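So you can see what is in the structure, the chains are spelled out below.
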Amino acid sequence: MLRRSLSRLCAGEEKRVGTRTVLVGHRAVPDTEAYVAQKFCDNRIVSSKYTLWNFLPKNLFEQFRRIANFYFLIIFLVQVIVDTPTSPVTSGLPLFFVITVTAIKQGYEDWLRHRADNEVNKSNVFVVENAKQVRKESEKIKVGDIVEVKADETFPCDLIFLASSSTDGTCYVTTASLDGESNFKTHYAVRDTTVLGTDEAIDTLTATIECEQPQPDLYKSLGPENLLLKGATLKNTKKIYGVAVYTGMETKMALNYQGKSQKRSAVEKSINAFLIVYLCILVGKATVCTTLKYVWQSNPFNDEPWYNEKTKKERETFKVLRMFTDFLSFMVLFNFIIPVSMYVTVEMQKFLGSFFISWDKEMYDEEIQEGALVNTSDLNEELGQVEYVFTDKTGTLTENSMEFIECCIDGHKYKDCLSEVDGFSQTDGPLKYYGKSREELFLRALCLCHTVQIKEADQVDGLVAHPERKCTYISSSPDEIALVKGAEKYGFTFLGLENNFMKIRNQKNETEMYQLLHVLNFDPVRRRMSVIVRTSTGQLLLFCKGADSSIFPRVQQEEIQQTKVHVDRNAMDGYRTLCVAFKELTEKEYDRIDRQLNEAKMALQDREEKMAKVFDDTEADMHLIGATAVEDRLQEQLAETIEALHAAGMKVWVLTGDKMETAKSTCYACRLFQTSTELLELTARTVGDVLNVFLVPRSWTLSQEYGLIIDGCTLSLILNPSQDSGSSNYKSIFLQICLKCTAVLCCRMAPLQKAQIVRMVKNTKGSPITLSIGDGANDVSMILEAHPLGINPCHASVCRDKGKEGRQASRNSDYAVPKFKHLRKLLLAHGHLYYVRIAHLVQYFFYKNLCFILPQFLYQFFCGFSQQPLYDAAYLTMYNICFTSLPILAYSLLEQHISIDTLTSDPQLYMKVSDNAMLQWRPFLYWTFLGAFEGLVFFFGVYFLFQNSSLEDNGKVFGNWTFGTIVFTVLVFTVTLKLALDTRFWTWMNHFVIWGSLAFYVFFSFFWGGVIWPFLKQQRMYFVFAHMLTSVSTWLAIILLIFISLFPEILLIVLKNIKEKNHQPELSTKHTLPCPGNAAVCQRIRGCVSSVQGAGAGLVTFAHPPQITKGSDHGVHSPRKLSGLLRAFFHCWGGGLPLEVEISLKFSPLLLQVVEASTARLC
């Protein structure tokens, strides 16, 4: 039996961490080796929150942690224990409704998580046992099992790669579910087990693996080259064998799963503040009524009238206890002023409202066949409150689709493919290195220094190849593919990797073979990557490519200047630049590097640090060959979107790792910086220089826009100051400068620096709402930093790209949109509307409950503070649940006080609701006074009606339940019609719920009072409603009181409309239309326009080219219809020279948009 050892041992005297020993195939360990059996978890994935057994207690515990639910629970218990004026049902039933609806929602969401878990856990996998394949469910995999995975299957757990169907022991995987990259990555099998490529051979393996305990280091590293992570997918390889080392919740993917923390939005903070005010009002009402009750009862006749004498027990009760009991009774009587149902309505509004973002067809991208995604519905309204936008550049502002533009070799520029046989025109004669010219060496470097793979297939998950090619280039970076294609344009073609040999075809159509010895992979800290290859003649070469800032310090200084000129020029043109270098290695140097790399890879502790040190030592003393320029196209409508965000009052910060010149050029192209913007550049490399730059006094002009540019080096000095005097003040001064700038560009940024910037801004005074936009794994730290913890203000985060790169960012973001342009509608339209809707919902709930309870409070002054209810128990219970809940829910989902087109076209409307404008104390007090006014009208209007309690000719007297029912009827109709007055966007659903709720109230009142209910001890509402409506006085009173209550609101609406009409600004728009340039035709146009009849005054000017009509002004002043004006344009317009049409209208902005849209169609 073949016995191998795959031990991973810690080197040196370093501090050891916990390790685990895995028996491959569960083979017994020989007696000579000490082994302590370890227990590992199974392979079940559990992302759900509840089980069938703990759902009820756990969910109830979580719900009653909310103060409003706990408050109503206490009220309910008081009603059960103490003799209160209302039934426990009046507070118990609404509380039960709220708890039940919330539990159903949370239970459904958890059921979806259970279902998703079962799909993974119950999926079939194949395990090799006794040289045979055994089908098992994924959850039954154990640590040590040898698993077979076939092409296009997902790895069921974290595996050590043992062997594959390819003879060289390689496989290709995509890690879209881990880091968002759908392109291929190469992994290598353990060298000792590469030959075990069959079930029989792999079953003969006896080995142990010593590895570190599970670590959630997914973001820092995807693990060693032979570790296959759960969630990755096998590609372009028939099958592989691997041994399970981490399973279930110990896999790296599971350890990196972060449940969404509960985040409080500005709306929720406002709700809590208003809730405290209404709690004070409630306590105040209960205190006043309790005090006045005992003042009233100080008169013996009032305290104990002849018809209601006290019992002996009541006389002996301690007075303070009686007062406390009465206080609790009043609290119960008035407790409905606290809108407990508001919380469930808000949750339903957020949950259902989030679907409108996902359903938005304008935010659907045909290329990737996906639309917007909502991961956190709790923050919908925060999209309307964003103040700072932090965005990545590459892949977010740009398409991340690279095209090779030009290259520079030894200071000579090569842009287009020339016709010479060798592909280049020699300017200074060829410089020989190892028998090859510099140009050929440069092209060989482009063909060898990369991780590009070739797939012989039509469809791939990677980038699309040239249609004429039968093979496709695939890589984790589009830059690499662009460079390989650039080398191919000049005659050097990469043919692929086979058995660790890289094949290229040179300009003479000869195939060259290079043995690939090591790949020093790219990382964002080094900002470069290298390969070590052996030529067919045995020479050892290291090729390196990377950013100029990481290459220039590692090459001969005399070689830099001639290349740096081209790099700087290309960066100013907006191109992405990379420098290429090489050096020759001796056998002795290579042996040392090989040994150090293997030791670093085998380390259990500080593996990344050791690898980085070896890379740093290896990539030194190189020779610079040249540089490349690659273009990354800007996204469509990028400039328009950023201009709209600026106009909406948002400050946009670009955080990128690119060169300053490249990023600066991109910022000008996308109009982040305007030509009039004064730029402040902070690029000092020493503390003293930075201090001097900061302390230079400057006069900030309000009319001048400022932009700031800073690099990562300077940022490190500012955010991580030294301990010397004055350095601790850098951060505050830097922040003051940033806040005065309309746009900020931070370049040469590391991922953690992006997170530091977001953290710095969101912790400033006022806690502004921040939004982070990124498209890849390197943006996750920035996106996560935009998520506050605890009670900090809430900050939204958006993942820009859900396509090529962005799955990981998408998972960690609150929202995901396909393109940057969709951010405009997401914020300006959806965010604006969500905020307005929920703000109106919150204010309306407090308003309608104040209208509801104020008459109950006033009624106590007329019933001797006896705690007599004004409303029937059924009305108390049904008011918030049935009679008034659906209209406001429909309003909060469908209302569009301004059309979506207007919101997206006029970004300044966004500022009208910024800073939580609709939930400030001023609008809150307006709604409170409105509710108080209407409550007074309800009560005293009916009170004056009952001055003569005989409301019919027959002299029959109406009682207190009729009084309360009339008040309640006026109340229900008034608050519902108030919502109808506020509605600007009517749909069939609004009509249905508003008029349907009123009809349901009438029907319920007839039904409730028309039946003798056997479970009620007292039939006090029997026939009350029907009898009430037989009185003409009651009808007139109800209609009059409703009108009086709504009259102030109606008056405000009328005055507002008159004010807007009188102060309508004169707006103008210009369009250039083709016309024949013929005076006769122009006269026809003028005649047609003049002949249009209608209303509305305006001016239409036709300005012609000077050579046709010099000094002529065809102005028309006449009344006409707007639609007729447009028809005249269509009727008379013809092709020819340009015609400028200027329309100045005293119309609404909406009509102006119609003009713009219609004339644009003419163009």
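These figures come from a predicted structure and were not determined experimentally.

Cut-offs applied
Residues numbered from 1 in each chain as written. Predicted model: local features only at pLDDT ≥ 70, side-chain atom pairs only at ≥ 80, totals over all residues. Heavy atoms only, no water. Helix = DSSP H or I, 4+ residues; strand = E, 2+ residues; numbered from the N terminus. Buried < 20%, exposed > 50% of the residue type's maximum accessible area, 1.4 Å probe, protein only. Contact = heavy atoms within 4.5 Å. Areas by Shrake-Rupley, 256 points an atom, 1.4 Å probe, with all protein chains shown as cover. Core = buried A, V, L, I, M, F, W, Y, C linked by side-chain atoms within 4.5 Å. Pairing = 2+ DSSP bridges. UniProt positions renumbered as here; feature names shortened; annotations may be inferred. Expected span 1.5 Å × (residues − 1). Phe/Tyr/Trp six-rings, centres within 6.5 Å; stacked < 30°, edge-to-face > 60°. Lys NZ or Arg CZ within 6 Å of the ring centre and 35° of its normal. Axes fitted to C-alpha atoms, helices over the stretch in contact; angles between N-to-C directions. Parallel < 35°, antiparallel > 145°, perpendicular 65-115°, else oblique. Left-handed = near helix turned anticlockwise from the far one by under 90°. Nonpolar A, V, L, I, M, F, W, Y, C, P; charged D, E, K, R; others polar. Salt bridge = Lys/Arg side-chain N within 4 Å of Asp/Glu carboxyl O. Patch = residues over 30% accessible without salt bridge, like charges linked within 9 Å, V, L, I, M, F, W, Y side chains within 5 Å. pLDDT = per-residue confidence, 0-100.

Section: the overall build of the chain
- The helix and strand tally for the chain stands at 37 helices and 37 strands.
- When each of the 1163 residues of the chain is scored for burial, the buried share is 53%.
- Counted over contacts in the chain with a minimum sequence separation of 6, partners at least 24 positions apart contribute 77%.
- Total accessible area on the chain stands at roughly 52,400 Å², and carbon and sulfur atoms take up 58% of it.

Side note on the environment of F522
- For F522, the position within the fold is in the loop between β22 (511-520) and β23 (528-534).
- Its relative accessible area of 52% is what places F522 among the exposed residues.
- Separated by 71 residues in sequence, F522 and T451 have C-alpha atoms that sit 9.7 Å apart.
- Not counting residues within four places of it along the chain, the set of residues in contact with F522 comprises R527, R528 and M529.

Examining the nonpolar core
- Of all hydrophobic cores here, the largest spans 97 residues; its most connected members are M342, V842, F852, Y871, Y875, F968 and L971.
- Looking at this core, the element that brings in the most residues is helix α26 (residues 822-859), giving 18 residues.
- Residues in contact with Y875, not counting those within four places in the same chain, are F852, F883, T965, F968, Y1001, F1004, S1005, M1021 and F1025.

A look at the pairing of strand β4 (residues 146-150)
- Of all the five residues making up β4, four are buried; the element is thus mostly covered by neighbouring parts of the structure.
- Relative to β4, strand β2 (residues 124-129) runs antiparallel, the two sharing three bridges. Bridge pairing in β4 links V128 to I146.

A short note on the sheet that holds strand β11 (residues 239-246)
- Across the sheet, six strands lie side by side as β3-β2-β4-β11-β5-β9; this open sheet has antiparallel pairing. A single partner strand is all that each edge strand has here, and the edge strands are β3 (132-137) and β9 (227-228).
- Across six bridges, β2 lies against β3 in antiparallel orientation. When the bridges of β3 are listed, N124 appears paired with E137.

Focus: the UniProt feature "active site" (unreviewed entry) in the chain
- Within this numbering scheme, the UniProt entry marks D392 as carrying the feature "active site" (unreviewed entry).
- Of note, D392 is situated in the loop between β13 (388-391) and β14 (398-409).

Some words on helix α10 (residues 319-334)
- Between its first and last C-alpha atoms α10 spans 22 Å; for 16 residues at 1.5 Å apiece the expected length is 22 Å, and the two agree.
- Every buried residue of α10 is accounted for by D326, L328, S329, F330, M331, V332, L333 and F334.
- Here the buried face of α10 lies against α2 (67-81), α7 (266-296) and α26.

Considerations on the packing of aromatic side chains
- Inspection of every chain in the model, using the stated rule, returns 57 aromatic pairs.
- When the ring of F883 is compared with that of Y1001, the centres are 5.3 Å apart and the planes differ by 80 degrees; the resulting orientation is edge-to-face. Note that F883 is positioned in helix α27 (residues 873-883) and Y1001 in helix α32 (residues 988-1009), a separation of 118 residues in sequence.
- Ring centres 5.6 Å apart and planes at 80 degrees place the aromatic pair F939 and F963 in the edge-to-face group. Taken as a pair, F939 in helix α30 (residues 921-945) and F963 in helix α31 (residues 960-982) lie far apart in primary sequence, 24 residues in all. Across the pair, exposure class does not vary: F939 and F963 are buried alike.
- Stacked on the ring of Y590, the Lys or Arg R534 has its end atom at 6.0 Å from the ring centre.

Focus: helix α18 (residues 638-647)
- Three or more residues of α18 are buried, namely L638, A639, T641, I642, A644 and L645.
- Looking at the buried positions of α18, the neighbouring elements they touch are β26 (623-634), β27 (651-655), α19 (660-669) and α26.
- Downstream of α18 by one or two residues, G649 has phi in the positive range, about 90 degrees.

Overview of the packing of helix α3 (residues 89-121) against helix α11 (residues 340-358)
- The contact between α3 and α11 brings their axes to 8 Å, and the two run at 25 degrees. Classified by the angle between their axes, α3 and α11 sit roughly parallel to one another. When you trace α3 past α11, the crossing you get is left-handed. Every residue of α11 that contacts α3 at P94, F97, V98, V101, T102, K105 and E109 is listed here: V340, S341, V344, E347, M348 and F351.
- Counted by class, the contact of α3 with α11 contains eight nonpolar, two polar and three charged residues.

So, the pattern of salt bridges
- Applying the stated rule across the entire model yields 30 salt bridges.
- In this structure, E381 engages K350 in a salt bridge whose closest nitrogen and oxygen atoms are separated by 3.3 Å. Highlighted residues: E381 in the loop between β12 (373-374) and β13 and K350 in helix α11, separated in sequence by 31 residues. K350 shares its class with E381; the two are buried.

Some points on a nonpolar patch on the surface
- A contiguous nonpolar surface patch, about 780 Å² in accessible area, is contributed by F933, L1040, F1043, I1044, F1047, L1051, V1054, L1055 and I1058.
- For the nonpolar patch, the element with the highest residue contribution is helix α34 (residues 1032-1062), accounting for eight residues.
- With respect to the helices and strands, the residue L1040 is situated in helix α34.

Concerning the pairing of strand β25 (residues 576-585)
- β25 sits mainly inside the fold: nine of its 10 residues count as buried.
- Relative to β25, strand β24 (residues 540-546) runs antiparallel, the two sharing seven bridges. When the sheet's bridge partners are listed, L542 is paired in β25 with K583.
- Across seven bridges, β25 lies against β26 in antiparallel orientation. For R576, the partnering residue across the bridge sits in β26 and is V630.

Overview of the confidence of the model for the chain
- The share of residues in the chain with pLDDT of 70 or more is 75%, and the mean pLDDT across the chain is 76.
- Overall, residues 219-223 carries pLDDT values under 50, and its contacts beyond four positions in sequence, including any with other chains, amount to 12 contacts.
- Taken as a whole, residues 1084-1152 scores under 50 in pLDDT and shows 147 contacts with residues more than four places along the chain or in a different chain.

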